[in-house]
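# Commentary on secondary and tertiary structure
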Amino acid sequence: MNAIDLLLQDHRVVKKLLEELSATTERAVKKRAELLQRIEQELQIHTALEEEILYPAIKQAGGKEEAKMYYEAKEEHRTVDSLVLPDLLHTETGTTEFAGRVKVMKELLEHHIEEEENELFPTARKLLGKLILEEMGNTMQTQKKILKGDQHAA
């Protein structure tokens, strides 16, 4: 599987989990907590794969425009990982405040996913080519297994 296909698959999983979480009510305290935990794990792994493998390759192979894409994508990750998600994790799942924060996170992630799929990934296909993306995909699959294993062991 090439790197882009693997990341697209991750996007579908996260979008589905966000839809499920958004559809819950204040009474679904336990379900909300479980979904949020799954989203957090998916995002941590996905972010690591992009920031350690794909983004640097695009930045290195490209020029000024690709460097801008690189920094924008990293900043969007930071916004979710360092600001929105931690706040959400410390919000009571049975509140309307939780629902509001879920909506904001969902909108941020959907925007980020759309930009990646419409701008970053096509750029990666052009700059890196099929062979490199295949190699990256293999590396990502291995890394993903390691990261999932580490998180269960913790």
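So, how was this worked out
Residues numbered from 1 in each chain as written. Predicted model: local features only at pLDDT ≥ 70, side-chain atom pairs only at ≥ 80, totals over all residues. Heavy atoms only, no water. Helix = DSSP H or I, 4+ residues; strand = E, 2+ residues; numbered from the N terminus. Rg over C-alpha atoms; globule rule 2.2 N^0.38 Å. Buried < 20%, exposed > 50% of the residue type's maximum accessible area, 1.4 Å probe, protein only. Contact = heavy atoms within 4.5 Å. Areas by Shrake-Rupley, 256 points an atom, 1.4 Å probe, with all protein chains shown as cover. Lys, Arg positive; Asp, Glu negative; His and termini not counted. Charge placed at Lys NZ, Arg CZ, Asp CG, Glu CD. 1 Å grid on protein atoms, 1.4 Å probe; cavity = no way out; pocket = protein on both sides within 12 Å on 5 of 7 lines; lining within 4 Å. Points joined across faces, edges and corners; volume = space filled by probe spheres on them. Nonpolar A, V, L, I, M, F, W, Y, C, P; charged D, E, K, R; others polar. Salt bridge = Lys/Arg side-chain N within 4 Å of Asp/Glu carboxyl O. UniProt positions renumbered as here; feature names shortened; annotations may be inferred. Polar contact = N/O pair within 3.5 Å; in protein donor to acceptor, adjacent residues only side chain to side chain.

Looking now at the overall build of the protein. In terms of helices and strands, the protein carries 4 helices and 0 strands. Going from the N terminus to the C terminus, the protein shows its helices and strands as α-α-α-α. A compact globule built from 154 residues should have a C-alpha radius of gyration of about 15 Å, and the protein, at 16 Å, falls within 12% of that. Taken along its principal axes, the extent of the C-alpha atoms in the protein is 50 × 35 × 20 Å. Put simply, the protein has 154 residues, and 42% of those count as buried. Residue pairs in contact within the protein that sit at least 24 positions apart in sequence constitute 76% of those at least 6 positions apart. When the accessible surface of the protein is totalled, it reaches about 8,700 Å², and 52% of it is carbon and sulfur. Each charge class in the protein was averaged separately, 22 positive and 30 negative side chains, and the resulting centres sit 3 Å apart.

Turning to the layout of surface pockets, a few remarks are in order. Taking a probe equal in size to a water molecule and rolling it over the atoms shows the remaining empty space. Quantified by volume, the largest pocket comes out at close to 180 Å³. As for the largest pocket, its lining consists of 16 residues, of which Glu 76, His 77, Val 80, Leu 109 and His 112 are closest to the centre. Contributing elements (two or more residues each) for the lining of the largest pocket: helix 1 (3-22), helix 2 (29-61), helix 3 (64-89) and helix 4 (96-153). Residues that form the lining of the largest pocket fall into these classes: 6 nonpolar, 7 polar and 3 charged.

A few words now on the side chain of Glu 116. In this structure, Glu 116 sits in helix 4. It is Lys 15 that comes nearest to the buried, bridge-free Glu 116 among opposite-charge side chains, at 10 Å. When sequence neighbours within four positions are dropped, the list of residues in contact with Glu 116 reads His 11, His 46, Glu 50, Tyr 55, His 77, Phe 121 and Pro 122.

Moving on, we come to the UniProt feature "coiled-coil region" (unreviewed entry) in the protein. Per the UniProt entry, the sites bearing "coiled-coil region" (unreviewed entry) are residues 14-52 in this numbering. A helix fraction of 85% and a strand fraction of 0% characterise residues 14-52, whose end C-alpha atoms lie 19 Å from each other.

For the structure shown, the criterion picks out 9 salt bridges. Across the pair Glu 110 and Lys 106 runs a salt bridge, and its minimum N-O distance is 2.9 Å. With Glu 110 and Lys 106 both in helix 4 and 4 residues apart, this pair spans about one turn of that helix. For Glu 110, a relative accessible area of 28% corresponds to the partly exposed category. With relative accessibility at 15%, the residue Lys 106 sits in the buried group. The structure contains a network of salt bridges with shared partners spanning Glu 19, Lys 106 and Glu 110.

Moving on: the side chain of Lys 144. Mapped onto the fold, Lys 144 is located in helix 4. For Lys 144, a relative accessible area of 15% translates into the label buried. Only 2.3 Å separates the side chain of Lys 144 from the side chain of Asp 10, close enough to count as a polar contact. Those residues within four positions of Lys 144 in sequence are excluded, and the remaining contacts are Leu 6, Asp 10, Ile 45 and Leu 49.

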